[in-house]
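What follows is each chain in one-letter form.
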Amino acid sequence: MLDARGGDLDEPRFDTVFRISLYSVRGFSAHFPALRHFMPNSYTELYFPVLVQAIIAMALAAGLIAASALLGKRAKSPLKDTPYESGMVPSGSARERFSVKFYLVGMVFILFDIEAIFLYPWAVVYRQLKLFGFVEMLLFIVLVLVGFFYVWKKGALDWSKPESARKVVK
Amino acid sequence: MSLLDLVIFLPLIGFLALLLVPRGAPGMSRTAALGISLVIFLVSLGLLGPYWFAQPTGYTFSTDIPWISTPTIRYHVGLDGLSLWLILLTTLLTPICIVISWKYIQNRVKEYFAFLLLLEFGLIGVFVALDLFLFYVFWEITLVPMYFLIGIWGHDRRIYAAVKFFLYTMAGSVLMLAAMIYLYNRSGSFDFTIIQSMIQTGRLSLSWEEQILLFLAFFIAFAIKVPLFPLHTWLPDAHVEAPTAGSVMLASVMLKMGCYGLIRFCLPLFPNAARSCSGWINALAITGIIYGALVAMVQPNMKKLVAYSSVSHLGFVVLGIFSFTQQGMDGAVYQMLNHGISTGGLFIMVGYLYERRHSLEIKSFGGVATPAPNLSTVFLITTLASIGLPLLNNFIGEFLVLQGAATVNFSWTVFAAIGVILSAVYMLWMYQRVIYGRATEDLAHHMPDLSGREWAAMLPLLVLMVWMGSFSQSFLPPISAQTAKILEQSKVGVDFRVSVKNPAPVLSSAVENKETGSAAR
Amino acid sequence: MPLANFIPTADDYLRYLPEIILTVVGVVIMFLEAVGGERRKPALGWLAGAGLLAAIWGSVVALGVGGTGFQNMVIVDGFATFFRILVLVIGLLTIVSSTQYLDREKANAGEFHALLLFSIAGQCVMASANELIMVFIGLEISSIASYILAGYLRDDRRNNESALKYFLLGSFATAFLLYGVAWVYGLTGSTNLAEVRRVLMTPESAPNLVLMGTAAALMFVGFAFKVSAAPFQVWAPDVYQGAPAPVSAFMSTGPKAAAFAVFLRVFITAFGPIATRWEPFVWGSAIATMIVGNFAALTQTNIKRLLAYSSIAHAGYVLVAVTAHSEIGTAAAMFYLAAYAFMQIGAFAVVTWFSRQGEKFVNVDDLAGLGERQPMVAAMLTIFLLSLIGVPLTGGFFGKFYIFRAALDSNLVWLTVIGLLNSAVAAYYYLRLIVVMYMKEPGAATENIGPVSAGLRVAILGSALATLVLGIFPSLVLDFAGRSAALVK
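Computed from a predicted model, the values in this text were never measured in an experiment. (Residues numbered from 1 in each chain as written. Chains lettered and ligands numbered in written order. Predicted model: local features only at pLDDT ≥ 70, side-chain atom pairs only at ≥ 80, totals over all residues.)

Describing the overall build of chain B
The condition that has to hold: A run of DSSP states H or I qualifies as a helix once it reaches four residues; a run of E qualifies as a strand once it reaches two. Both are numbered from the N-terminal end. The globule rule used for comparison is 2.2 Å times the number of residues to the exponent 0.38, while the radius of gyration itself is calculated over C-alpha atoms. In this scheme every C-beta is placed from the backbone, and a residue whose C-beta has 20 or more other C-beta atoms within 10 Å is buried, one with 12 or fewer is exposed, and one in between is partly exposed. Contact criterion: two residues are in contact if their C-beta atoms, reconstructed from the backbone, are within 7 Å.
Helix and strand counts for chain B stand at 21 helices and two strands. Over its C-alpha trace chain B gives a radius of gyration of 23 Å, about what one expects of a compact globule, namely 24 Å for 521 residues. Here chain B holds 521 residues, and the buried ones make up 60% of them. Within chain B, residue pairs in contact and separated by at least 24 positions form 79% of the contacts whose partners lie at least 6 positions apart.

Following this line, the structure appears as structure tokens:
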């Protein structure tokens, strides 16, 4: 099977829906040469089916939702609007407030965690980079350390210190 | 560094010096301003030198030094017969304005006089700049001090008037800037003399559309400033609200910037477009003459009346310019000076009356002649000069314009002459209502006659009114020499109809043949 | 390519000297902020200033080395150096003009200066980026720091609103930008600007123009957000109004200048071959930006908001220069951004001083009588406003002049006419400030204003001087801009 520019398409790679839309486009452009004008080269031909597929998918999803909304019966009751808690009767509101400290610790954790991940690729190529790699990573660690030090001094790690004793930016 | 550069930059130096005067010493800033402006006037008299016995053809006192390298902008200034008298008018009126504001301005005195000097700097620059860009710079500089003069020291609706004045002028001038840049991109120079010679010799051939659009961009900027009907609406507001000195500078010199621009730039740069638009422009000018006169007639406010009379008088100037005749152009330039002297005088007189009664309404006067005979006499001479009584200055200008217009199209003259008659009607009617009649008790007590200071301000103008009216030959030769040149330049044009198709331009001889041919058909 | 090739040379570090200096000084300030006492805090401002001066010296050194570095990721040419020095000078002015503000709000902390340095470092990265990835990294460094700066007074509700809006919309914009980068990479196989250009120029390998146009459009969305160009300008007024005045001054000049630098570099270098495709869109955006900015500013009563809308309008003028996509257009944009930075920072510096604690006085009417009570400051503000209008002998005038000259040179006649008429409209709202200052009776707000602090004085006088010098001797800057405007090598 040849594509519009004469190249060989690797057919088995495509799933059925894709192939159908691909053939339909080909068929169209064979019957309506003017269409080629809108698809000047292989890129468009190649990706146009994706578009068709996306449209079909969206239409299907929208159609299903619309069909269930139109055809389905509705029975409203207050019970149906309550949160689902494994069939139990809900106890209390779901919107509970957490101490802001959890977020702070969470953020600090993620930050330093991600910084640490950078060590892995560095370790892989460490031998090739030699001294340069060592110095660069040293700088990186120092920067992270300064950040850590800053966080520490600012009291972000103190869980129980009273608010007034914090050194914070006003 | 020529004498002209000195005349240009002395006001700027004066402006900066005045800013250094302490705020608490208004007397000192008055004296300093008057001193500086008188020195400038005396120095500027030196500019008469080359024109005393001969009529130099080119530019005198010219300086041409680079200012900005990319794009090439040069500080190129020069003096010719056209700008000579306008500069002398500016330098003469500035000290007069300072004298008439001597007592009237009591609030922020230093700034007031500083702005007057800055205004003088801009105005002189406009009249001598030979680089288009430099011209634009000076043109815009004049806006700022005038804006403040109206806005700070004006009357009740001063803010509205000041902003309107600024926006009108700005809107026009940005179009002019666009046209200048376009010309630069086509010709590679901002230098007026270079562009002019390129156009004249055909090295720069603009298509018909380009010519018309560029001409209109320049023309609208200038027409707003002149002001030409129907772009005049800022003028009555600005005049009425400005302090006396502001009105005087505005009417006498600033409006001339527009007329000057028309003669200096519009005609030589775009002769074909100017000529083919001249019919429409003259129609507008004549409409302005009659409209201004009619509106002036019904004004209850003296200043507004004088302002509308300006619209009317400047219509004559435009008519003269676009008649493309030697007399018409001479008359137009002469009329520019006349209007500066006589309308300036009128504004000063109205200002004197205002200082005595704190009103500009005609109906709050009447019978001024009895308590203040000298004032009434001076006012009469000024009024008659403005009407155009023979032997006074306006007569010469209007006569020349009408004569020039008549050789082209007699009906223009007929209609424009109606304006002359109407001007007599509204001026004399105002004079009669203000000066004659029975003075009320209140008025008689608050109408002192002219003081020595007030005489000093008016006397030079009175002398000039008579001098210019009776010995016009002491002023006209430099003007005629220059207008003849401009007329010649605006005749010589590249024939656009040929150059559109053919890159090699055809010069004037061919054009004239064609034009006479087409006229015959 | 063997990995050893990626080891930078000594010259590479020299090419990156300003960024290195800024980062080091910023980190040191953060460290000192954490360990130092309350009393030493003013010294951190001096340190930051010294760091910026050192970075200016560093950019000169970097220009001396010149060329591309770090495997073609970075380019140090005149264009990059111009913008580096511009954002560094903007940073200096911001630091001196923020001293009084920080003292007044009792918020003198090292973080302010450190964040400022980081933001500027990001802008320097943008200025010298030769890679779409570097563009993105620089943009993020610059933006994240300025998000925090916008909400610097964290107990202040307006600051919070400003920071949140800026952050949400800004990250949205960078996402668009990144998506565009991904498209470009997918279509051309490279993120290097010169390489992208080469691919687009080669007819055999040139990708589909529709897809390439989409990629350019996505990147345009990102840049347009950052420079507050219509239709992506809605965030600017809220953010500039809510943020601390010195920060607004900084945000409306520094990041904007840097964003225009990458905008020009990416669109002229990489997307130059498809200029005919993006030109109409930038054309439309330029017109919309000018009109929206100017007409919305007409009715504003809050000075900061008014300056924000004016800042949008000025972005529109620079877009005119981008639309011209010529060398003189680039030079004009460079000059304009420099001139604009001084007048905008100067105007904001006056607002910083005038608004007093808690920014109580930020209404246009509050300025009533300033001309009488504080003639010197009023005169300075007048200079800035006249420059914003574009009156000759100020930097703003020459900026506009060069831009419209470049536009006419590229035959964009309508764009020029609309732009110039817009600048006449703009005169109205700037004049309103002058009217209130000089022509209205003095009001309560101008009573008992404290003196202008030494730092603000330096900022205001320096900006005024720069505005006038750029207006009278524009060649000083323009010649350099003209020499370094050649982006396509």
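Some thoughts on the overall build of chain C
Looking only at helices and strands, chain C features 21 helices and two strands. Rg of the C-alpha trace for chain C: 21 Å, near the compact-globule value of 23 Å for 489 residues, within the 12% margin. A buried classification covers 63% of the 489 residues belonging to chain C. Considering only residue pairs separated by 6 or more positions, chain C has 81% of its internal contacts joining residues 24 or more positions apart.

Topic: the interface of chain C and chain A
Quick reminder of the rule: Think of it as three bins: nonpolar holds Ala, Val, Leu, Ile, Met, Phe, Trp, Tyr, Cys and Pro, charged holds Asp, Glu, Lys and Arg, and polar takes everything else, Gly as well.
Contacts between the two partners involve 16 residues from chain C and, on the opposite side, 15 residues from chain A. If you tally residues by element for the side of chain C that touches chain A, the top one is helix α2 (residues 17-35) of chain C, at five residues. Grouping the amino acids of the side of chain C that touches chain A by side-chain chemistry returns twelve nonpolar, one polar and three charged.

Topic: unusual backbone geometry
The peptide bond linking V226 of chain B to P227 of chain B adopts the cis configuration, its omega dihedral lying at -10 degrees. Along the chain, P227 of chain B turns up in the loop between α8 (208-225) and α9 (234-241). In the segment running from A230 of chain C into P231 of chain C, the intervening peptide bond is cis, with an omega of 0 degrees. Relative to the elements of secondary structure, P231 of chain C occurs in the loop between α9 (209-226) and α10 (235-242). With phi around 80 degrees, L391 of chain B is a residue other than glycine that occupies positive phi space.

Some remarks on the pairing of strand β1 (residues 60-68) of chain B
Look at any regular strand and the pattern is simple: side chains alternate between the two faces of the sheet. Residues and elements named next belong to chain B. We count it as follows: In short, DSSP must find at least two bridges between two strands for them to pair.
Bridge count between β1 and strand β2 (residues 73-79): six bridges; the pairing is antiparallel. Of the residues in β2, the one forming a bridge with D64 is H76. Turn length for the β1-β2 hairpin, with the two strands adjacent in sequence and antiparallel, is four residues.

Remarks on helix α7 (residues 192-201) of chain B
All names here are of chain B. Threshold: The arc in question is the one spanned by the directions pointing from the helix axis to the C-beta atoms.
Taken together, the buried positions of α7 are occupied by F192, I195, I199 and Q200. Projected down its long axis, α7 carries its buried residues within an arc of 135 degrees, all on one side. Those residues of α7 hidden inside the fold are in contact with α5 (132-153), α6 (158-187), α10 (244-269) and α19 (476-491). Count one or two residues on from α7 and you reach G202, which has phi positive near 85 degrees.

Overview of the arrangement of the chains
There are two pairs of chains in contact here; the most contacts are made by chains B and C. Between chain A and chain B there is no contact, and the shortest C-alpha to C-alpha separation is 37 Å.

Quick look at the interface of chain C and chain B
Across the contact, 25 residues belong to chain C and 27 residues belong to chain B. Listing elements by their share of the side of chain C that touches chain B, those giving two or more residues are α18 (395-409), α19 (413-439) and α21 (475-483) of chain C. Tallying contributions element by element places α19 of chain C first for the side of chain C that touches chain B, with twelve residues. The residue inventory of the side of chain C that touches chain B, partitioned by class, reads 18 nonpolar, four polar and three charged.

Comments concerning the packing of α18 of chain C against α19 of chain C
Residues and elements named next belong to chain C. Put simply, the rule is: The angle between two axes is taken between their N-to-C directions and runs from 0 to 180 degrees, where each axis is a line fitted to C-alpha atoms and a helix contributes only its stretch in contact. Throughout this description, any angle smaller than 35 degrees is read as roughly parallel, any larger than 145 degrees as roughly antiparallel, any in the 65 to 115 degree range as roughly perpendicular, and the remainder as oblique. Left-handed describes a crossing in which the near helix is turned anticlockwise from the far one by less than a right angle; the clockwise case is right-handed.
For the pair α18 and α19, interaxial distance at closest approach is 8 Å and the crossing angle is 160 degrees. In terms of axis orientation, α18 runs roughly antiparallel to α19. Where α18 crosses over α19, the two elements pack in a sense that is left-handed. Counted together, K400, F404, A407 and L408 of α18 and V413, L415, T416, G419, L420 and S423 of α19 form the full contact between these two elements.

Side note on the nonpolar core
Residues and elements named next belong to chain C. For clarity, the threshold we go by: For our purposes the nonpolar core covers buried Ala, Val, Leu, Ile, Met, Phe, Trp, Tyr and Cys residues that link as a set through C-beta atoms within 7 Å.
Counting residues in hydrophobic clusters, the biggest one holds 406 residues, and the most contacted among them are F335 and Y336. Looking at this core element by element, the count peaks at 22 residues for helix α15 (residues 327-355). Excluding residues within four positions of it along the chain, F335 makes contact with F398, G399, Y402, P474, V477, L478 and A481.

Describing the environment of A107 of chain C
Residue placement: A107 of chain C occurs in the loop between α4 (78-104) and α5 (110-127). Considering only alpha carbons, one finds A107 of chain C and L153 of chain C, 46 residues apart in sequence, at a separation of 7.5 Å.

Focus: the environment of F379 of chain B
Residue and element names in this part refer to chain B. Turning to its location among the elements, F379 is positioned in helix α14 (residues 373-387). The buried category is assigned to F379, around which 26 C-beta atoms lie within 10 Å. Taking the C-alpha atoms as reference points, F379 and S472, separated by 93 residues in sequence, lie 22 Å from one another. Setting aside anything within four residues of it in sequence, one finds F379 in contact with M349, Y431 and I435.

A few points about the packing of helix α2 (residues 26-45) of chain B against helix α4 (residues 109-128) of chain B
All names here are of chain B. Orientation of α2 relative to α4, taken along the N-to-C sense of each, is 15 degrees, at an axis distance of 8 Å. In terms of axis orientation, α2 runs roughly parallel to α4. Remark: the crossing between α2 and α4 carries left-handed chirality. Residues P26, S29, R30, A33, I36 and S37 of α2 form the contact with α4, whose own contacting residues are V109, K110, F113, L116 and L117. Residues of the contact of α2 with α4, tallied by class, amount to seven nonpolar, two polar and two charged.

A short note on the confidence of the model for chain C
What counts, and what does not: For every residue, the predictor states its confidence as a pLDDT score lying anywhere from 0 to 100.
In the predicted model, chain C carries a mean pLDDT of 89, and 99% of its residues have values of at least 70. At the level of chain-chain contacts, confidence expressed as ipTM amounts to 0.82, with global pTM at 0.83.

Re helix α8 (residues 193-201) of chain C
Residues and elements named next belong to chain C. Looking at α8, one finds that the buried residues are L193, V196, R197, V199 and L200. Taken down its axis, α8 places every buried residue within 160 degrees of arc, on the same side. Buried residues in α8 make contact with α7 (157-188) and α12 (254-270).

Here's the deal with the confidence of the model for chain B
Any residue range with low pLDDT should be treated as having predicted coordinates unsuitable for detailed reading. Counting all residues, the mean pLDDT for chain B is 84, and 94% of those residues have values of 70 or more. Contacts from residues 493-521 of chain B, a stretch scored under 50 in pLDDT, to residues over four places away or in other chains number 28 contacts.

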